[in-house]
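If you want the building blocks of each chain, they are given just below.
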Amino acid sequence: MTAFGARTLLASAVVLATASPGWAQEGTWALVNVRIHPVSGPVIERGTIVIRNGLIAAVGADVTAPADARVLDLSGREVAPGIIDLASTIGGSPAPAPPGRGPGGAAQNADAIPAGLDPSLMATDGLKLSEADLRGAREAGITAILVAPSRGAFRGRSALIPTRASVAADQAIKAPAALQMGFEGVSGQYPATLLGVIAYERQTLYDAQRYALVAERYRTNPRGLARPAFDPGLEALVPAVRRELPVFFAASEENEIRRAVRIAGEFDLDLTVVGATEGFRALDALAGRAAVVSVNFPKASEVTGWSYRLTRSAELPDSAAADRAARAAIEGNAAALARSGVRFALGTGGARPGELLANVRKAIAAGLPRETALEALTIRPAELVGLGEALGTIEVGKIANLVVTDRGDLLGDSSRVRDVFIDGEHYEVAPARPASRGAATSAARLGGSWTMTINTPQGAQEVSMTVQQSGSEFSGSMTSMFGTTEFSDGQIDGRTVSWSMVLDMGGNAMTITYQGEVDGTRMTGTATLGQFGTAPFTAEKRP
Amino acid sequence: MTPRSRVAALPIAVAALALSALPAPAQQPNRPPIRRVDVPMLNGGDGPLAAPIPPQPKVMAITNATIMTASRGTIEKGTVLIRDGKIAAVGTDVSVPADAVVIDGTGRYVTPGIIDAHSHSMAEAINEGTQSITSEVRIEDVLRQDGIGVFRELAGGVTTLNILHGSANTIGGQNAVVKLRWGLPIDSMLFAEAPPGIKFALGENVRQTNRPPGPGREARYPRTRMGVEELLRDAFTRATEYRAEWRAYDAAVKARRKNDPEPIPPARDLELDALVEIIEGTRLVHAHSYRSDEILMLLEVAKDFGFRVSSLQHVLEGYKVADEIEAAGSGASTFADNWAYKLEAWDAIPHNAALMAERGVRVSINSDSDERARRLYQEAAKAMKYGGASEEEALKMITLNAAWQLGVDKYVGSIEVGKQADIAIFNGHPFAPASRVEKTIIDGRVFFDRDKVPTLEKVLEKKKAGRTTTDGGAR
C-alpha cells in the first residue's frame, strides 16, 4: 500500500468508519493454545485470539480459528496487551545547547521562537524514528510510544506512535496526544533559569486563557470588533487551558512534582506528571492526580531528603545500609503511589527499553501488586491519552497490539518476549542470546554474602544470606528473626537461581522455596512460603 | 512588543473587544492560599527518607537561664514558658506546670531565633539575569528544602531566612521568607505570615561592568547608574499606567448597564502586578545598594512613586546618609566587616552598623552566605567591638530589626509573650567567641539538638576508631 493510498483513505471519515486504513495489516491471524492475560478480565488458561484487519476480532477459550486465518500455535506461551510507553525518549527533539555555552540563539533571529518555548510544535511533523530504536522497543514488548519533544518549558505536542517498522506519521494512533511541558530554560535568553521558566509558564498560560476567550468572542460575534491577532503558539495552548488536551508535565523530583501540580492547579490543567521518580515523597501533592511513573530509578544519593537523613541520628550512618534502604524506597515508588490511590502508568523515562521489564520486576519485588503493574503498562497509559476504548486490553474491537512471552507471563522473572503484534502486524523477537548459559564462568556468581529483603504479607523482613557456590550448584545459610537455617539444594541456570529450606516454626515445619534472577550483585525473585502464598524479594550482594 | 517583554514570543493584540464570557480575573493577583504551616508527616512518604516532624509539646519550659529578650533587656535565672508553640510567659517568677517538657537552662543563654535578612540558601536558581526587570519571578517557586547549608544554619541558631533573588537585575524576583523547619516539605517551611517582598539592585552588579558580555552577545541595558534610575522610573511609570487601566476597567464594570456589553479586563501582566503591589505598599522592597549617591537616588524614586524601601541591603556607605535613610523609614541590612572587594565597596567601614543605629536606623547584619549564616551571632558582636553598639542593640541586629525589615516583627524577633517560640539556646554568651548553639527551637519544636546530631566531634571520634567518613565533614 502506498503512502498516497493511505492519505486518500484517511481523508474521508466515511471510509475510515467502514474500512481499515490502507496501512493496516490485512491478514487474518489466529493465535491458538495460548494463555491469555486480557487485563480486562480473568486469565484465559488456554484460548484463541483472532486478529482481522489489525483489530482483535475474537478472543476466548471456545473461539475457533477462521478458515482464512494464519494459525500460530503458541502452546506454552502467554499473551498480554502490548506495552504502551508514555515516558519514551525515542524521537524526542535534540536538546538545545545548555545555558551559558557558546553564543546564544537570541542573536541569530530575534523573532524566531526558540525550541522549548514553542507549543505549536507537533511530534508528527517530520516524524522520523530510528529503526534500531523501534526494534529495541518491540523486543521489550513495547508496541506504542509517546513521541514527545524532550526539553523546554512548552516543548510542543506529543503523538502516540506504534512501534512498527518504518512507521510514518499517518500511522499515529493519536496526535496531538498531549501538551508536553517541563522546566528547562533557553540558553542565553529569557527564560534562562527555573525562576524565569515558571514565571514564563504562568504568564503564557494567562495569555492563552485570554486568547481563548477573545477568540471565542470574535468567533460568535465578529461584527464591529477588531479581529484579534493570530498566534500559533497561543492557539496550540488553547485546548490545554480548556482541559481538552492533557498536559504531560515532566517532573521527577519531589519539588518538581509539587511545582507542576501547583501550576496545573492555578490554571485547572488536565495534568499528568511524567517521571515522578520521587512520587513517594509527594503523595499529598499527587493525590487525585495522574502520573506516568518512570522506572529509571535515581541514585539514592540524588534523592531529595538524602542529606536530611545524614543529620538525623547521632550515630554515623552506615552508608551501605542507608543506600540499601533508600534504594528500597526508590524502587517502592510505584507501590507507594498504588497504595495511595494515584492513577498511574509505568514507562521507561530514560531507561533503555530493555530495562523496562527488569525494573518493573524490581518495583513488584518492592511491593507493587503484579496486576497493578500489568495495568500500568497497558490499560492505564491508554486511558491517560484518552484511548481506553481503543487500546490496552485484549478485547474484541480493540487494536491488535499484543506481546507474547515464553517461560512465564510478561512480568515473570524469567520470561522472554517472543512475538509482538502491532496493528495486527506480526514481529518475531529472537530470544536474547543466552550469553550466561553453558559456560560455567558466565553463570551467575552467587558466592558471598547477601542482604535480602522479603516483602511478606506481614511486612518487610531483613534476611542475611551466605552462599558457597560450586559450579552450577550452591549451598549456604540464611539468618532471619527466626534464627539461622542451612540449605544445600541451590541450582544455578544462567541467571536464574533456586533453592529451598525447611523452617521450624514452633514445631511446624514450613518449606520455603526461592526462585530468583541474578543481575550482577542484585537478585530479585519470589519466595513461596509453604501454604501461605508467595512473597517477592530483593537481595544485594555485600562487597 | 518591547525587547524586555518576556512574552514577546507570543504577543496578543487585544483590540477594544467587548467580552461577555470572561471570568472575573482578580484586579490584583490572588495571593497563594494560606499555607499549611503544620503539615501531617508526609515528607518522604514512607521509607527511610521520611522526616518525622519534631513534636510540639503542649507546654515547654526553659528554666533558670539567662534570657536575652532583644526587646526588654536580659533576665538572669529566668524561665521562658512555651504553650502550643507560642511564648506564654517570660520572667523570674514564672510557675512551670507539672506537665511541661522542661529544658534546664542553667548556665545557658537564651536568645530569639536568629533571622538572616539576606540569604540565597535553598534557592535552585538565584538570578534570572536575562532581563534587568524580572519582578514576575518568584524565589518561592524554586526552593529546595534539603541542602546541608540549611542544617548548618540551624546549628548556628538561625530560625528564619529571607531568601532573595540575586543582584543581577534592577528589579529582581520576589523573595521568600522561610522558617528552617529542617526536613519538612518546602511548603511547610514558608513563613506563613510574612508579607510578600521583592529584590532590587543598584550599581555595579546591575550595570554588569565587571562582567563583559559573552562572545556574540550584546551588553545588557543599563550600563550606567543613570540607566538604572531610568529603568526604575520607566518600570513604575508603566505600573502606574497598568494600574490606571485596571481602575478604568473597574469603573466601567460598575457603570455598566444591564444590556451593555461587558467591558474587557486588561491583559494580566505578572511583571507589572508585582510593581503595582509595591506602589500599593503590600510588597516590601529589599534593595541591594552600596554607594550613598545611589541610595539617595532610590529613596528619591521611591518617594516619587509613593512607596517605602523596607530594607537597603549591604548599604556599605549607609553611614554617610543615615539620616536620610531614617527619614525615609527604611531599614539597613549590612555586613559586619566586609569591604573593598570591589570599587563600590571601597568606602565601607566596620562602624557602619553601629553608626546607622545611632542615627535611629533599624539595622540588621546579614550573611549573604551559607557559611557566614552559621555564625551571625559573632558578626553581631562586631557591632559592639567596632562601633560600640550596646549588647541589646547588637542582638537586635540579628533578630528583631531583621524581623521588622521583613515585616514579621509581630510574630518573631524577640522573646515576648504572644510571639512564636523561635529560640536559640547557647552554651555561653552568644557574643563570646567560643560559645555555640545547643538547641534551636521553632514554633516550640526542637529542630536542632546538638546532642542528637552527628557533629564534627563525633565524626572525628569515629575516625579515630576506624573507617573514615566525610558524611559530617566540611564541604
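Relevant structure appears above.
What counts and how
- Going along each chain's sequence as written, the residues are numbered from 1 onward.
- Note on labels: chains are lettered from A, ligands numbered from 1, in written order.
- It should be noted that, the model being predicted, local features are given only for residues of pLDDT at least 70 and side-chain atom pairs only at 80 or more, the latter also being counted only at that level, while totals for whole chains, interfaces and linings use all residues.
- Comment: axis = line fitted to C-alpha atoms, over the contacting stretch for helices; angle = value between 0 and 180 degrees taken between N-to-C directions.
- Helix and strand definitions follow DSSP, with helices as H or I runs of at least four residues and strands as E runs of at least two, each counted in order from the N terminus.
- The labels follow the angle: roughly parallel below 35 degrees, roughly antiparallel above 145, roughly perpendicular from 65 to 115, and oblique for the rest.
- Note on contacts: residues are paired as contacts if their backbone-placed C-beta atoms lie within 7 Å.
- Any residue outside Ala, Val, Leu, Ile, Met, Phe, Trp, Tyr, Cys, Pro, Asp, Glu, Lys and Arg is labelled polar, Gly included; the first ten of those are nonpolar and the last four are charged.
- Two strands qualify as a pair provided that DSSP identifies no fewer than 2 bridges between them.
- In this scheme, a helix's expected span is set at 1.5 Å multiplied by one less than its residue total.
- Neighbour counting defines burial: a residue surrounded by 20 or more other C-beta atoms within 10 Å of its own C-beta is buried, one with 12 or fewer is exposed, and intermediate counts give partly exposed, using backbone-placed C-beta atoms.
- Crossovers are marked right-handed if the path from the first strand over the helix to the second runs clockwise, as seen with the strands pointing away from the viewer.

Residue and element names in this part refer to chain B. Helix H4 (residues 270-279) packs onto helix H3 (residues 225-255) with a crossing angle of 90 degrees between their chain directions and a minimal axis gap of 9 Å. With respect to each other, H3 and H4 are oriented roughly perpendicular. Here Ala235, Phe236, Arg238, Ala239, Thr240, Tyr242 and Arg243 of H3 come into contact with H4, specifically with Leu272, Leu275, Val276 and Ile279. Considered class by class, the residues forming the contact of H3 with H4 number eight nonpolar, one polar and two charged.

With that settled, the discussion passes to the sheet that holds strand E8 (residues 176-179) of chain B. Residue and element names in this part refer to chain B. A sheet is described by the order of its strands in space; here three strands give the open sequence E6-E7-E8, paired in mixed fashion. Edge strands, defined here as strands with exactly one partner in the open sheet, are strand E6 (114-119) and E8. Going from strand to strand, the sheet's axes swing by 20 degrees on average, the running direction of each strand aside.

All names here are of chain B. In this model helix H8 (residues 376-387) runs 17 Å from its N-terminal to its C-terminal C-alpha over 12 residues, within 8% of the 16 Å that 1.5 Å per residue would give. All buried positions along H8 are accounted for by Leu376, Tyr377, Glu379, Ala380, Ala381, Lys382, Ala383 and Gly387. Those residues of H8 that are buried lie in contact with E6, strand E7 (158-163), helix H7 (352-358), strand E13 (363-365) and helix H9 (391-396).

Moving on, we come to the sheet that holds strand E9 (residues 174-181) of chain A. All names here are of chain A. Within the open sheet, the eight strands sit side by side as E6-E7-E8-E9-E10-E11-E12-E13. Their pairing is mixed. Each edge of the open sheet is held by one strand with a lone partner, namely strand E6 (83-85) and strand E13 (343-347). Between one strand axis and the next, the sheet turns through 25 degrees on average, direction left out of account. Here strand E8 (residues 154-162) runs beside E9; their pairing, made up of five bridges, is antiparallel. Along E9, the bridge assignment pairs Ser158 with Ala178.

This part covers the pairing of strand E10 (residues 247-251) of chain A. Residues and elements named next belong to chain A. Across the five residues that make up E10, a large majority, five, are buried. Burial along E10 is two-sided: Val247, Phe249 and Ala251 facing one way and Phe248 and Ala250 facing the other are all buried. Alignment of E9 against E10, held across three bridges, turns out to be parallel. Paired with Gln180 across the two strands is Phe248, which belongs to E10. Across five bridges, the pairing between E10 and strand E11 (residues 271-275) is parallel. When the bridges of E11 are listed, Ala251 appears paired with Gly275. In this fold, E10 hands off to helix H6 (residues 254-267), which returns the chain to E11; that crossover is right-handed.

Before going further, it helps to examine helix H11 (residues 353-365) of chain A. All names here are of chain A. The end-to-end C-alpha distance of H11 is 19 Å, a good match for the 18 Å that 13 residues give at a rise of 1.5 Å each. The buried fraction of H11 amounts to 10 of the 13 residues, a majority that puts the element mostly inside the structure. Regarding H11, the residues found buried are Pro353, Leu356, Leu357, Asn359, Val360, Arg361, Lys362, Ala363, Ile364 and Ala365. At the exit of H11 stands Gly367, carrying a positive phi of roughly 115 degrees.

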